[in-house]
Amino acid sequence: MRSALPISCLLLLQISILFFSAGVFAGDPYVFYDWTVSYITASPLGVKQQVIGIEGQFPGPILNVTTNWNVVINIRNDLDEPLLLTWNGLQQRKNSWQDGVLGTNCPIPSGWNWTYQFQVKDQIGSFFYFPSLTFQRAAGGYGGITVNNRDVIPVPFGTPDGDITILISDWYKKSHKELRKYIDKGGNLGPPDGILFNGYGPYRYDQSLVPEGNVYETLLVEPGKTYRFRVHNVGISTSLNFRIQNHNLLLVETEGSYTVQQNYANMDIHVGQSYSFLVTMDQNASSDYYVVASPRFMNSSTWSKACGVAILHYSNSQGPASGPLPDPPNEFDTYFSMNQARTIRWNVSAGAARPNPQGSFKYGDITVTDVYVIVNGLAESIDGKWRSTLNGISYLAPSTPLRLAQQFNVPGVYKLDFPNRFMGRTPKVDTSVINGTYKAFMEIIFQNNDTKNVQTYHMDGYAFFVVGMDYGVWTENSRGTYNKWDGVARCTTQVYPGAWTAILVYLDNPGMWNIRSEKLDSWYLGQEAYVSIVNPEKDQSEVSLPDNAIFCGLLGSLQKDQAQRVHFSEAKSLRKSAIIVLVTIMLAMGV
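A. Summary view of the overall build of the protein chain. Looking only at helices and strands, one finds seven helices and 32 strands in the protein chain. Out of the 591 residues belonging to the protein chain, those deemed buried represent 59%. For the protein chain, the computed accessible surface area is about 23500 Å², with 52% contributed by carbon and sulfur atoms.

B. Just the state of the cysteines, in detail. For the structure shown, the criterion picks out one disulfide. Covalent S-S linkage joins cysteine 106 and cysteine 552, the inter-sulfur distance amounting to 2.1 Å. Taking the sign of the S-S torsion, -90 degrees for the link of cysteine 106 and cysteine 552, the bridge is left-handed. Here cysteine 106 is found in the loop between strand S5 (85-88) and strand S6 (113-119), whereas its partner cysteine 552 is found in the loop between strand S32 (528-534) and helix H7 (568-588), with 446 residues between them in sequence. What makes cysteine 106 buried here is its relative accessible area of 5%.

C. Representation of the side chain of threonine 254. With respect to the helices and strands, the residue threonine 254 is situated in strand S14 (residues 249-254). Here arginine 490 takes part through its side chain, which lies 3.0 Å from a polar atom of the side chain of threonine 254. Dropping the residues within four chain positions of it, threonine 254 is found in contact with Thr259, Ser274, Tyr275, Ile344, Val488, Ala489 and Arg490.

D. Structural context of the sheet that holds S14. If you walk across this open sheet you meet the six strands as S10-S9-S12-S17-S14-S15, and the pairing is mixed. Two strands in the sheet have a free side with no partner beyond their single neighbour: strand S10 (194-197) and strand S15 (257-264). The sheet shows a mean angle of 25 degrees between the axes of neighbouring strands, taken without regard to direction. Sheet topology note: the strand S9 (residues 162-171)/strand S12 (residues 226-233) ladder contains seven bridges and is parallel.

E. Summary view of helix H2 (residues 176-184). Among all positions of H2, only His176, Leu179, Arg180 and Ile183 are buried. For H2, the angular spread of buried residues about the axis comes to 95 degrees, placing them on one side. At its buried positions, H2 is contacted by strand S1 (30-42), strand S21 (385-390) and helix H6 (520-524). Directly after H2, the chain includes glycine 186, whose backbone phi takes a positive value near 95 degrees.

F. Broad picture of the nonpolar core. Counting 61 residues, the largest nonpolar core has Ile166, Phe229, Phe242, Phe277 and Leu312 as its most contacted members. Among all residues touching phenylalanine 242, those that are not within four sequence positions of it are Ile166, Phe197, Val231, Leu249, Asn266, Met267, Ile269, Phe277, Val291 and Val292. Core analysis: the next-biggest nonpolar cluster, separate from the first, contains 48 residues, Ile52, Leu84, Trp97 and Tyr129 among them.

G. Local environment of the sheet that holds strand S8 (residues 143-148). The four strands lie next to each other as S3-S8-S7-S5, forming an open sheet whose pairing is mixed. Of all strands in the sheet, those bounded by a partner on one side alone are strand S3 (63-66) and S5. Adjacent strand axes in the sheet meet at a mean angle of 20 degrees, parallel and antiparallel pairs treated alike. Pairing of S3 with S8, which is carried by four bridges, proceeds in the parallel orientation. Counterpart to threonine 66 in the pairing with S8 is asparagine 148.

Conventions and cut-offs
- Residues numbered from 1 in each chain as written.
- Predicted model: local features only at pLDDT ≥ 70, side-chain atom pairs only at ≥ 80, totals over all residues.
- Heavy atoms only, no water.
- Helix = DSSP H or I, 4+ residues; strand = E, 2+ residues; numbered from the N terminus.
- Buried < 20%, exposed > 50% of the residue type's maximum accessible area, 1.4 Å probe, protein only.
- Areas by Shrake-Rupley, 256 points an atom, 1.4 Å probe, with all protein chains shown as cover.
- Disulfide = S-S within 2.5 Å.
- Polar contact = N/O pair within 3.5 Å; in protein donor to acceptor, adjacent residues only side chain to side chain.
- Contact = heavy atoms within 4.5 Å.
- Pairing = 2+ DSSP bridges.
- Axes fitted to C-alpha atoms, helices over the stretch in contact; angles between N-to-C directions.
- Arc of directions from axis to C-beta.
- Core = buried A, V, L, I, M, F, W, Y, C linked by side-chain atoms within 4.5 Å.

See the structure below:
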């Protein structure tokens with residue numbers, strides 16, 4: 001319930017002092033958002049559907065901040081089921097309490113509000129947020145995150161004339177509730193019904209494939225100018241190839257790392273990945289141009305029926321786009337995408353906020369402490385339920401979040417026994433956690449046993465170095481192929497069918513951090529784990545348990561009633577009132 005609370009002048013004074021100390025005298029500024037998450041009606045593919053909107057928008061608003069800013073976002077859950085938002089790629093130093101996944105947070109019940117507060121510490125780049133529970137991402141609830149550099153930090157390219165966020169995603173006409181029931185019964189998602197650009201269906205490039213009257217996205221540009229396109233694959237299952245008719249894509253950044261600048265005619269963007277391109281409007285304006293996102297690793301008859309098409313419109317354009325779409329990569333060239341991925345390298349000479357270990361370019365010389373070879377298992381029936389596994393374990397989320405259980409020393413919630421290899425045992429459902437060593441350098445090899453589908457894996461709280469990938473089974477000898485100098489640092493990496501990908505990560509961010517498949521059906525069925533990283537030095541420990549923590553499971557008795565919580569819209573009013581009271585008191589005292 002949203003309830004106004006009687007506040008005494010003394011409390012107003014205390015609140016004033018709190019906000020002054022946090023927002024006025026602190027070196028890093030605060031930015032405040034108040035978001036309501038609710039169902040709204042939209043027609044992404046020409047048919048009315050119930051989608052998840054934020055502040056009435058689908059997709060949600062862009063979270064546009066600058067590195068080192070403190071971000072405060074109050075979330076009001078107006079859905080009919082619990083909700084959490086997670087911030088895909090924001091590292092949230094020493095603050096896994098704000099991660100927005102079931103291992104760290106109790107869900108926000110329907111009708112409740114909860115306030116996230118975190119700092120985008122020493123980060124720049126392009127990321128996105130989305131709902132992390134029960135297949136809700138299939139209904140929307142996502143939006144872009146832009147973390148700008150501070151003015152004192154140089155950028156390795158000229159200032160673009162504009163900044164454009166593009167959210168590409170596969171889309172199904174079934175609701176997220178229908179999809180999760182279907183997955184529970186062993187169903188396969190199959191090809192999507194369409195591909196969206198910023199929540200809109202395709203431009204009618206083919207009258208036989210795209211219905212008349214479909215609303216599509218138009219990107220407005222000026223001739224001769226250069227724009228930064230931040231492109232995010234926020235879909236649930238499908239790798240997408242992104243391209244712009246007759247225009248080059250100059251890659252400059254991916255998920256917080258500036259890259260070696262290279263031109264691409266197109267780019268494969270896998271589920272959960274984000275890229276920044278500089279695109280110069282250097283073509284004539286005889287007509288508009290197609291912007292395309294088409295499914296990869298599907299045959300042409302499938303992807304042509306589910307192709308996303310937006311329009312690039314020069315201000316002096318003379319007519320609509322026409323003709324065939326720009327060609328995608330050869331669908332039978334299995335090495336094209338992997339070879340392209342290998343060309344994406346870290347710009348080690350750029351001055352910017354850097355992934356951990358900060359300022360370290362010689363990650364190849366650091367001694368690896370722990371090695372985990374994580375093998376995914378195809379979905380199968382385990383104890384009568386359809387599940388998928390990592391190293392033979394399908395993750396079971398306990399009713400008490402792992403981080404809360406750790407904080408309050410609640411026994412029996414989880415075990416620090418996640419195996420570092422696939423042991424060949426009978427698959428099981430369990431709450432098994434990786435026991436990470438603080439400030440250790442961990443090598444993780446993701447082995448994809450699925451010979452048909454690309455998997456993508458994400459790690460919260462960190463950027464990791466992608467050092468190698470190849471087809472076949474990883475062996476100790478595979479290390480001889482690693483890029484030990486400028487492997488790109490990012491938070492989400494693809495693993496090709498019947499292939500492996502190796503990453504290196506420095507575990508210097510204490511907390512309980514999620515590793516998961518970004519393919520939503522695999523994640524939903526249990527392809528995830530958590531890494532527990534404890535700093536033994538108490539004075540350097542994690543951020544304290546937030547005062548507004550929600551308690552559930554075995555700690556449910558600690559939960560305050562929602563009526564005792566101040567909604568952030570009221571808190572903003574209190575803040576203004578508190579400042580007025582404080583100034584009045586100071587004037588009365590002659591200060």
